[in-house]
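Descriptive analysis of the structure
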Amino acid sequence: MNFSENTREQRYAKAKEQVEKLKGFYTHATIYTVFVFVFIWLNMQSTSYPWAIFPIAGWGLGVLGHAADTFQFNIFFGKDWESRKIKELMDEDSHSF
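To start, this report covers the structure provided alongside it. (Residues numbered from 1 in each chain as written. Predicted model: local features only at pLDDT ≥ 70, side-chain atom pairs only at ≥ 80, totals over all residues. Heavy atoms only, no water.)

Turning next to the overall build of the protein. Scanning the protein from terminus to terminus reveals 3 helices and 0 strands. From first element to last, N terminus to C terminus, the protein shows the α and β order α-α-α. What you see for the protein is a C-alpha radius of gyration of 22 Å, clearly larger than the 13 Å of a compact globule of 97 residues, by over 25%. Dimensions of the protein, computed from C-alpha atoms along their principal axes, come out at roughly 70 × 40 × 15 Å. Within the span of the protein, comprising 97 residues, buried residues form 12% of the whole. (Helix = DSSP H or I, 4+ residues; strand = E, 2+ residues; numbered from the N terminus. Rg over C-alpha atoms; globule rule 2.2 N^0.38 Å. Buried < 20%, exposed > 50% of the residue type's maximum accessible area, 1.4 Å probe, protein only.)

What follows deals with the nonpolar core. Residues Phe25, Ala29, Tyr32, Val36, Phe39, Ala52, Ile56, Val63 and Ala67 constitute the largest nonpolar core, which totals 9 residues. It is helix α1 (residues 3-46) that contributes the most residues to this core, 5 residues altogether. Non-local contacts of Ala52, meaning those with residues more than four positions away in its chain, are made with Phe39, Ile40 and Asn43. (Core = buried A, V, L, I, M, F, W, Y, C linked by side-chain atoms within 4.5 Å. Contact = heavy atoms within 4.5 Å.)

The terminal C-alpha atoms of helix α2 (residues 53-70), which comprises 18 residues, lie 25 Å apart, in line with the 26 Å expected from a rise of 1.5 Å per residue. Those residues of α2 that sit buried are Ile56, Gly60, Val63, Ala67 and Thr70. For α2, the angular spread of the buried residues around the axis is 80 degrees, confining them to a single face. Those residues of α2 that are exposed and aimed more than 90 degrees away from the buried face are Phe54 and Leu61. After α2 finishes, the residue Gln72 shows a positive phi value of roughly 50 degrees. (Expected span 1.5 Å × (residues − 1). Arc of directions from axis to C-beta.)

Another aspect to go through is the environment of Trp81. Locating Trp81 in the fold gives a position in helix α3 (residues 81-95). Each C-alpha atom, one on Trp81 and one on Thr33, is 32 Å from the other, the two residues being 48 residues apart in sequence.

A surface patch of nonpolar side chains, amounting to about 840 Å² of accessible area, comprises Tyr26, Phe71, Phe73, Ile75, Phe76, Phe77 and Trp81. Here Tyr26 shows up in helix α1. (Patch = residues over 30% accessible without salt bridge, like charges linked within 9 Å, V, L, I, M, F, W, Y side chains within 5 Å. Areas by Shrake-Rupley, 256 points an atom, 1.4 Å probe, with all protein chains shown as cover. Salt bridge = Lys/Arg side-chain N within 4 Å of Asp/Glu carboxyl O.)

Here's what the structure looks like:
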């Protein structure tokens, strides 16, 4: 196996992993959407107190977290924060010798 085949296999494995993440997220988002309507219907059948907002909001935060992981989005650190920080720390370490 040469270098280009190894690189191609690595790219394929990474793409396949991303597709699996996408499938998981879309499944999660679809089930959440269905249950939003179920919660609202149950709420309307049971009481006038809007209790459905609590499971909808809580589960919605979970879906947002899943989306952030799937689409590599982080509002606190930015898209490439990790790679920049690693480079910065490696540069600092090389200057300490």
